[in-house]
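Single-letter residue listing:
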Amino acid sequence: MNELIIELTEINPREFFGLQNSNIQLLKKYFPKLKIVARGSKMKVYGDEDMLEEFDMRLNMLLEHFGKYNKLDENVIERVLTSESKADYETSANSGETLLHGVGGKLIKAQTANQRKLVESSNKNDMVFAIGPAGTGKTYTGVALAVKALKEKQVRRIILTRPAVEAGENLGFLPGDLKEKLDPYMQPLYDALRDMIPAEKLDSFIEKGIIQIAPMAFMRGRTLDNAFVILDEAQNTTHAQMKMFLTRMGKNAKFIITGDPGQIDLPRRVTSGLKEALLVLKNIQGIGMIYLDDKDVIRHKLVKKVIAAYKEIENRNG
């Protein structure tokens, strides 16, 4: 009797095996001549060589589906196991508007007209500025595009950065190592990633450097090749920081720069690198600039009203 050993890496075995191993039971139903044992992160399968080859092929299809959609259910398993070939297997979730499937199968897509413009601009341009107030999905859409590019092997890594500038507060001394000191500034980026990549895989990507989250200072001297790079909160960069960042672009790189010129936390009399870049680069071919507004706000309905109220005061005060 032949043996096949499969070890699950970077995915949660409990989610893949199903509640009380329900997915394993379904596999046993379709492969009654095989002995299938699942323990921990390993699966051992015993049987004839030809049957093991067929099982291995079908299981890899299921693993590929789980890696893409972060979800596996009875209907998917049955479609995979009964399809004539891998080419014949298609899922109804392959919608043109869907960017990717997040944790638990959550559909991640551009939800507003300007978010769709951001996606289109990123497809056409290697560098895109996404400008708009809080809650308009600038960062979230940018991270989704980056994760999609990584999953589709268009890039080898994702680099997320933002200036470590406090939003009008003095955080004082922060305990811990460098990563722990920087994490409060990077939290919005982590939040977006956790929606799109399962925890085990995300931890593995960060540990291997496939996903890097770092402050602006870590960009100096680097050439960013084969990477999808997002600069978040770019309104808080200085002239020198913005110029340094934009000139890091290497071969096969995509840059998205997000920011809200209405929420600058720099000291007075320091010019925002974002505001300057929008003026300096506006006529350069290959650079896209997308402006989002309060119609794109997808947070609580009150956020839209808050933005409108502040905009009215700012317009009144010139």
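Here, every reference points to the structure presented above.
Definitions and cut-offs
- Residues numbered from 1 in each chain as written.
- Predicted model: local features only at pLDDT ≥ 70, side-chain atom pairs only at ≥ 80, totals over all residues.
- Heavy atoms only, no water.
- Pairing = 2+ DSSP bridges.
- Helix = DSSP H or I, 4+ residues; strand = E, 2+ residues; numbered from the N terminus.
- Axes fitted to C-alpha atoms, helices over the stretch in contact; angles between N-to-C directions.
- Contact = heavy atoms within 4.5 Å.
- Salt bridge = Lys/Arg side-chain N within 4 Å of Asp/Glu carboxyl O.
- Buried < 20%, exposed > 50% of the residue type's maximum accessible area, 1.4 Å probe, protein only.
- Phe/Tyr/Trp six-rings, centres within 6.5 Å; stacked < 30°, edge-to-face > 60°.

Enquirer: Help me out: how do you make sense of the sheet that holds strand 11 (residues 287-291) in this one?
Expert: In a beta sheet, neighbouring strands are held together by backbone hydrogen bonds and run either parallel or antiparallel to one another. Spatially, the six strands line up as an open sheet ordered 8-7-9-10-6-11, and their pairing is parallel. Only two strands of the sheet have a single partner each, and these edge strands are strand 8 (211-215) and strand 11. On average, adjacent strands in this sheet sit at an angle of 15° to one another, irrespective of strand direction. Alignment of strand 6 (residues 127-131) against strand 11, held across five bridges, turns out to be parallel. Residue pairing in the sheet places Ala 130 in a bridge with Ile 290 of strand 11. On top of the sheet, helix 6 (residues 138-151) reaches strand 6, strand 7 (157-162), strand 8, strand 9 (227-231) and strand 10 (254-259); it is set at about 170° to strand 9, its chief contact.

Enquirer: Explain the sheet that holds strand 2 (residues 35-39) to me, please; I cannot follow it from the model alone.
Expert: With antiparallel pairing, three strands are arranged side by side in an open sheet as 1-3-2. Among the strands making up the open sheet, the edge pair consists of strand 1 (2-7) and strand 2. Across this sheet, the average inter-strand angle for adjacent strands is 15°, counted without regard to direction. One ladder, built from six bridges, connects strand 1 with strand 3 (residues 42-47); its direction is antiparallel. In the sheet register, Asn 2 faces strand 3, and the bridge partner there is Gly 47.

Enquirer: Any chance you could explain the pattern of salt bridges here in plain terms?
Expert: Here the structure, examined in full by the defined rule, presents eight salt bridges. A salt bridge links Asp 195 to Lys 106; the nearest nitrogen and oxygen atoms lie 3.0 Å apart. Highlighted residues: Asp 195 in helix 7 (residues 178-196) and Lys 106 in the loop between strand 4 (98-101) and strand 5 (107-109), separated in sequence by 89 residues. A relative accessible area of 27% means that Asp 195 is categorised as partly exposed. Classification of Lys 106 by relative accessible area gives partly exposed; the value is 39%. Residue Arg 162 is joined to Asp 232 by a salt bridge in which the shortest nitrogen-to-oxygen separation is 3.9 Å. Taken together, the positions of Arg 162 in strand 7 and Asp 232 in the loop between strand 9 and helix 9 (239-246) put the pair 70 residues apart, joining distant regions of the chain.

Enquirer: What is the right way to look at the packing of aromatic side chains in this model?
Expert: The geometry of two aromatic rings is summed up by the distance between their centres and the angle between their planes. Taken as a whole and judged by the stated rule, the model has four aromatic pairs. Residues Phe 31 and Phe 55 carry aromatic rings whose centres are separated by 5.2 Å and whose planes lie at 80° to one another, so their mutual orientation is edge-to-face. In this pair, Phe 31 sits in the loop between helix 2 (22-30) and strand 2 while Phe 55 sits in helix 3 (residues 49-69), placing the two residues 24 residues apart along the sequence. Of the two residues, Phe 31 and Phe 55, both sit in the buried class. Through pairs of rings, three or more aromatic residues link up here, namely Phe 16, Phe 17 and Phe 66.

Enquirer: Where do I start with the pairing of strand 3 in this structure?
Expert: On any regular strand, side chains alternate: one points to one face of the sheet, the next to the other face. Of the two faces of strand 3, the one lined by Met 43, Val 45 and Gly 47 is fully buried and the one lined by Lys 42, Lys 44 and Tyr 46 carries no buried residue. In this structure, strand 2 lies alongside strand 3, joined through five bridges in antiparallel fashion. Residue pairing for strand 3: Ile 36 is matched across the bridge by Val 45. Remark: two residues form the turn of the hairpin made by strand 2 and strand 3, two consecutive strands paired antiparallel; Gly 40 in that turn has positive phi of roughly 60°.

Enquirer: Honestly, the pairing of strand 7 in this entry has me stumped. Any pointers?
Expert: When you tally the buried positions in strand 7, you get six out of six residues, the bulk of the element. Burial of the side chains of strand 7 extends over both faces: Arg 157, Ile 159 and Thr 161 are buried on one face and Ile 158, Leu 160 and Arg 162 on the other.

In short, geometric facts, not functional conclusions.
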